[in-house]
Amino acid sequence: MSANPNVEGQVFEPPKPVENMKIGPAKALFHGEITQSAFWPFPKIDAEQKEMLDMVVESVDRFLADQQDAFGEWDAKGEQPPEFIESLRELGLFGLIIPVDYGGIGLSNAGYSRVLQQSSRHDSSASLTIGAHSSIGMKGLLLFGTDTQKQQYLPRLASGELIAAYCLTEPGSGSDAASIQTKATRDANGDWVLNGEKIWITNGGIADFYTVFARTESAGGKISAFLVERDFPGVSVGKKDGKLGIRASSTTSVGFTDVKVPAQNLLGEEGKGFKIAMSILNNGRTGLGGGAVGGMKHCIELAAKQAVERKQFGRSISEFGLIKKKIAQMTIDCFAAESAVWMVAHYIDSGYSDYSIEASISKVFASEAMMRTASESLQIAAGSGYMKELPYERIFRDSRILTIFEGTSEILRLFIAMSGMREVGNLLQEIGSAVGDIFNHPIKGFGLLTDYAGRQITHRTSLGQDRIVGAAGSALRDDALIFEKYTLELGRMTDVMLRRYGKAIVDKQFVLQLAADVAIDLFVGLCVIARASSMPDDDSDQYRQALSIAHQFSQQAKRRINRNLRAMLRNEDENAKSLATYICEVEGYPWDTL
Ligand SMILES: Cc1cc2nc3c(=O)[nH]c(=O)nc-3n(C[C@H](O)[C@H](O)[C@H](O)COP(=O)(O)OP(=O)(O)OC[C@H]3O[C@@H](n4cnc5c(N)ncnc54)[C@H](O)[C@@H]3O)c2cc1C
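The rules we used
Residues numbered from 1 in each chain as written. Predicted model: local features only at pLDDT ≥ 70, side-chain atom pairs only at ≥ 80, totals over all residues. Heavy atoms only, no water. Core = buried A, V, L, I, M, F, W, Y, C linked by side-chain atoms within 4.5 Å. Buried < 20%, exposed > 50% of the residue type's maximum accessible area, 1.4 Å probe, protein only. Helix = DSSP H or I, 4+ residues; strand = E, 2+ residues; numbered from the N terminus. Contact = heavy atoms within 4.5 Å. Salt bridge = Lys/Arg side-chain N within 4 Å of Asp/Glu carboxyl O. Patch = residues over 30% accessible without salt bridge, like charges linked within 9 Å, V, L, I, M, F, W, Y side chains within 5 Å. Areas by Shrake-Rupley, 256 points an atom, 1.4 Å probe, with all protein chains shown as cover. Disulfide = S-S within 2.5 Å. Polar contact = N/O pair within 3.5 Å; in protein donor to acceptor, adjacent residues only side chain to side chain. Phe/Tyr/Trp six-rings, centres within 6.5 Å; stacked < 30°, edge-to-face > 60°.

A. Geometry of the nonpolar core. With 174 residues, the main nonpolar core has Phe39, Leu157, Leu194, Phe213 and Val228 as its most contacted residues. No other element matches the 17 residues that helix H17 (residues 509-533) contributes to this core. Every residue in contact with Leu194, bar those within four places of it in the chain, is listed here: Lys183, Ala184, Val212, Ala214, Phe226, Val228, Phe256, Thr257, Asp258, Val259 and Val261.

Here's what the structure looks like:
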């Protein structure tokens, strides 16, 4: 299967670098604006990368297909055998994103995400062993390491002689990552001494190289990042954690007791560790997103076969409307997630400086879509799906982690909404002070007001809006109009909410969640339309069905957005909050029909 069969034959033209844009495309949505050049033309990988990618994808496919029966056994046992890890090394799968100069394969972010898609079609745990190494374990070294650090570690990480893990989470610090307690103090020689415990570390038990985050006393208690080898005295690895899913993937605690870390193993600047930790996660999100897309493709394949083969009431169940509806929805979700993940990977590859909101959107959408798809494919197989002989129950269990690690869906939704609204809030604040400032600095004051008034006129009349109907083409004109209309609505509603709540918006989590959901639908929908409209009209079923997916997604998004925007105005938070407070007080459900 080619990397992206639907856009064959197009000339490669990456999205415009962000320097040409004042703000990123997702933030722009909160301003009521669509940055057309960030979506059109839908990106395509260049020929050289594609050739390399096809080879890697094919070898991953061939190798993992041979292990099919073993994946169930390793899941039951809760570990992958060393020979399997050795085969991953031999295939070069630990060097996917490491530059060729350091012995890796040097794939782009898009190429890497596509490989993880393929490995996840076979087994989530296998994919995670590869993914945790590249997406987060050694990504910090790649992004922030010095030449000396890279020369010291990257060749061994590329060959898989060293396997990497990312150590941020602690017993008292999960989503609130800034509260970590692991400490790093300087000794008399200027080296560091690390003390603390990290938990639930993917690859923890098999890794030899850890990116560890710790609080450095010398920089006012700020967080710093360190490159730590397992062989450093004082590093200990706990026993493997028993888990719901991804059971064959290694998850353990990693302890640090007076671990001496050489001064040169500080990663990036002292005190910048939190930013490094978040940059790694943002950059790695397309790996997880690619994995989710691969899982969905596998579920769709399984469901399609099952639906055709299974006969009830004298007919194949694929003939029943309710089964068709599920298969169609799984396909729409997969196409949408794939489009968004691919787009974000290209933002990263094109040198966008800030893609954090877009990456978070693609992670939330793809991981939740995968969870729905795993559940629905199991439902189609029903009783057989529940049994261990078939892979559905394992896929269902494996998918559950996706909305938890590398940022929970809740935290990412808050991040998406707050980051998107912050700029609008800043602008409103500046306008507030400009009104007072107008007599002292008339030019600056009037300038801001004129700019804002211009935006408001744009929003009310939609004049001057960067129209996308032209780019979307006649086949998708009506769908493009939906996204133009509702982008303006999000801009208006952001303004209304910020005026209503001011700074208190940070505590209005219901509103923030609704705003994030609108932004997710808009961003993902624009990716879908851009992709479908960039396909060559070859009169094929594949082309026609892709247009149909775009229509169906647009209609579904329109209904969801309408509902979410209305709910933002209604604001029923207080009743729900009061009910939840009561239930937490009584510690359970107090009613009974007896
Ligand atoms: C299998 C597995 C592998 C993992 N691998 C790694 C790894 O390799 N490296 C690593 O460092 N970590 C890893 N983790 C940890 C993972 O990243 C954390 O579990 C995740 O960040 C959430 O933290 P928590 O589980 O402590 O949940 P908590 O932070 O305790 O959150 C509990 C619930 O409250 C919600 N919540 C929290 N704060 C807020 C808020 N302000 N507003 C609204 N809701 C909120 C959360 O969304 C969640 O639903 C792994 C975890 C698992 C289960």
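B. Inspection of the side chain of Gln117 at higher detail. Looking at the element boundaries, Gln117 is found in helix H5 (residues 109-122). Its relative accessible area of 5% is what places Gln117 among the buried residues.

C. Molecular detail of the pattern of salt bridges. One pass over the structure, following the stated rule, counts 27 salt bridges. Here Glu58 and Arg62 are joined by a salt bridge, their closest N and O atoms 3.3 Å apart. Of the two residues, Glu58 and Arg62 both sit in helix H2 (residues 47-65), four residues apart, roughly one turn of that helix. Residue Glu58 is classed as partly exposed on the basis of its relative accessible area, which comes to 47%. By relative accessible area, which is 52% here, Arg62 ends up exposed. For Glu368, the salt bridge identified is with Arg413, shortest N-O distance 2.8 Å. Residue Glu368 is found in helix H11 (residues 356-386), and its partner Arg413 is found in helix H13 (residues 409-437); the two are separated by 45 residues along the sequence. Classification of Arg413 by relative accessible area gives buried; the value is 11%. Shared partners join several salt bridges into a network, and the residues in it are Asp75, Lys388, Glu393 and Arg397.

D. Fine view of a nonpolar patch on the surface. A contiguous nonpolar surface patch, about 570 Å² in accessible area, is contributed by Leu579, Tyr582, Val586, Tyr589 and Trp591. On the secondary structure map, Val586 appears in helix H19 (residues 573-586). Judged by its relative accessible area of 39%, Val586 is partly exposed.

E. Region of the structure containing the environment of His31. Relative to the helices and strands, His31 is located in the loop between helix H1 (25-30) and H2. In this structure His31 comes out as buried when scored by relative accessible area, which is 7%. Residues His31 and Thr494, 463 residues apart in the sequence, show an inter-C-alpha distance of 7.7 Å.

F. Spotlight on helix H12 (residues 392-399). Burial analysis of H12 places seven of its eight residues in the buried class, the great majority of the element. Where H12 is concerned, the buried positions are Tyr392, Glu393, Arg394, Ile395, Arg397, Asp398 and Ser399.

G. The arrangement of the state of the cysteines in detail. Under the counting rule described, the total for this entry stands at zero disulfides. For Cys299, which is in no disulfide, the shortest distance to another cysteine sulfur is to Cys334 and amounts to 9.2 Å.

H. Focus on the side chain of Ser108. In this structure, Ser108 sits in the loop between helix H4 (82-90) and H5. Classification of Ser108 by relative accessible area gives buried; the value is 16%. In terms of polar contacts, Ser108 uses its side chain to reach the side chain of Gln49, at 3.2 Å. When neighbours within four sequence positions are excluded, Ser108 is seen to be in contact with Ile45, Gln49 and Asp349.

I. Up close: unusual backbone geometry. Of note, the amide linkage connecting Trp40 to Pro41 takes the cis form, showing an omega dihedral of -10°. In this fold, Pro41 is placed in the loop between H1 and H2. One non-glycine residue, Ile246, adopts positive backbone phi at about 30°. Counting through the fold element by element, Ile246 comes out in the loop between strand S6 (235-237) and strand S7 (251-261). Classification of Ile246 by relative accessible area gives buried; the value is 7%.

J. Looking closely at the packing of aromatic side chains. As enumerated under the stated definition, the model contains 14 aromatic pairs in all. Ring centres 5.3 Å apart and planes at 65° place the aromatic pair Trp192 and Phe226 in the edge-to-face group. Of this pair, Trp192 sits in strand S3 (residues 192-202) while Phe226 sits in strand S5 (residues 222-229), and the two are 34 residues apart along the sequence. Take Trp192 and Phe226: they sit in the same class, and that class is buried. With a centroid separation of 5.3 Å and 65° between ring planes, the pair formed by Tyr589 and Trp591 is classed as edge-to-face. On the basis of relative accessible area, Tyr589 is assigned to the exposed category, the value being 67%. With a relative accessible area of 48%, Trp591 lands in the partly exposed category.

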